[in-house]
Amino acid sequence: MKNKILISACLLGENCRYYGNNCGKQNLINANVEWIPICPEIEGKLETPRPPSELQGTAEDILLGKSNIVNSKREDVTKHYIDGAKICLEISQQENIYLAILKSRSPSCGLGKVYDGSFSNNLKDGDGVFAYLCKQNGIKVISSDDKMQIQKIIDI
Ligand code: SF4
């Protein structure tokens, strides 16, 4: 039996991205893997389409209530992001997930690089809120940009 792997739903073609589209990858959609698709922003009851949002501090500080997440209208959307990340972590734990492939640069799913909070298309080091929670809870996270690692997983 194949192990279950968590994946950002938009990578499997679900139209849950902020602009109402997806970033589906055919090699992932066709892979012989038992995917568990999640979208923290939908679980957090954000609408689609929705304005883009960016972290104003680190994921750790946001989860500790020391910083926040705002959208491009400067509305505070932190609670949606934290609620959604926690719901998706619960799903992961119920499914005994040990590995996740998450969409790069997202304020929820991004790993290693996220937009810097200025809405000027600049990146900074850091993780999205859900990716950070996964790592803190022993789930290995692979970025959707890491094509070599993803290919190895698909080929197993
Ligand atoms: S929160 Fe994650 S799964 Fe949902 S649209 Fe953004 S990158 Fe995709």
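Residues numbered from 1 in each chain as written. Predicted model: local features only at pLDDT ≥ 70, side-chain atom pairs only at ≥ 80, totals over all residues. Heavy atoms only, no water.

K.L.:
How should I be thinking about the packing of aromatic side chains in this particular structure?
P.N.:
Note on aromatic pairs: each is described by the distance of the centres and the angle between the planes. Applying the stated criterion across every chain, the model contains 1 aromatic pair. Seen in terms of ring centroids, Y18 and Y19 are 5.1 Å apart; in terms of plane orientation they differ by 90 degrees. Their pairing is edge-to-face. Of the residues examined, Y18 reaches a relative accessible area of 35% and is grouped as partly exposed. Exposure remark for Y19: the relative accessible area of 40% places this residue in the partly exposed category. (Phe/Tyr/Trp six-rings, centres within 6.5 Å; stacked < 30°, edge-to-face > 60°. Buried < 20%, exposed > 50% of the residue type's maximum accessible area, 1.4 Å probe, protein only.)

K.L.:
How should the sheet that holds strand β1 (residues 4-8) be read in this particular structure?
P.N.:
Each strand in a sheet pairs with its neighbour through backbone hydrogen bonds, running either in the same direction (parallel) or in the opposite one (antiparallel). The 4 strands lie next to each other as β2-β1-β5-β8, forming an open sheet whose pairing is parallel. Each end of this open sheet is capped by a strand with a single partner; those strands are β2 (34-38) and β8 (140-143). Each strand axis lies, on average, 25 degrees off the axis of its neighbour in the sheet, ignoring direction. Relative to strand β5 (residues 99-102), β1 is paired through 2 bridges, and the arrangement is parallel. (Pairing = 2+ DSSP bridges. Helix = DSSP H or I, 4+ residues; strand = E, 2+ residues; numbered from the N terminus. Axes fitted to C-alpha atoms, helices over the stretch in contact; angles between N-to-C directions.)

K.L.:
In this structure, what is going on with the site of the ligand? I would like to understand it.
P.N.:
Near the ligand, the surroundings consist of 14 residues, among which C10, C16, C39, E41 and C109 are the closest. Here the ligand occupies the largest pocket. The class makeup of the residues in the shell around the ligand is 7 nonpolar, 3 polar and 4 charged. (Near = heavy atom within 4 Å. 1 Å grid on protein atoms, 1.4 Å probe; cavity = no way out; pocket = protein on both sides within 12 Å on 5 of 7 lines; lining within 4 Å. Sits in = over half its atoms within 2 Å of the grid points. Nonpolar A, V, L, I, M, F, W, Y, C, P; charged D, E, K, R; others polar.)

K.L.:
Just checking my understanding: could you explain the environment of E14 for this structure?
P.N.:
Inspection of the secondary structure puts E14 in the loop between β1 and α1 (26-29). C-alpha separation for the pair E14 and G24, spaced 10 residues apart in sequence, amounts to 7.3 Å. Apart from residues no more than four positions distant in its own chain, E14 is found in contact with A9, N21 and N22. (Contact = heavy atoms within 4.5 Å.)

K.L.:
Help me understand the pattern of salt bridges in this model?
P.N.:
Pairing between side chains of opposite charge can happen when the charged atoms of each approach one another. As enumerated under the stated definition, the model contains 6 salt bridges in all. Between R50 and E41 there is a salt bridge; the shortest N-O distance is 2.9 Å. Close ionic contact of D83 with K79 constitutes a salt bridge, the shortest N to O distance being 2.5 Å. Residue D83 and its partner K79 are located together in helix α4 (residues 78-94), separated by 4 residues, close to a single helical turn. According to the relative accessible area criterion, D83 is partly exposed, its value standing at 30%. (Salt bridge = Lys/Arg side-chain N within 4 Å of Asp/Glu carboxyl O.)

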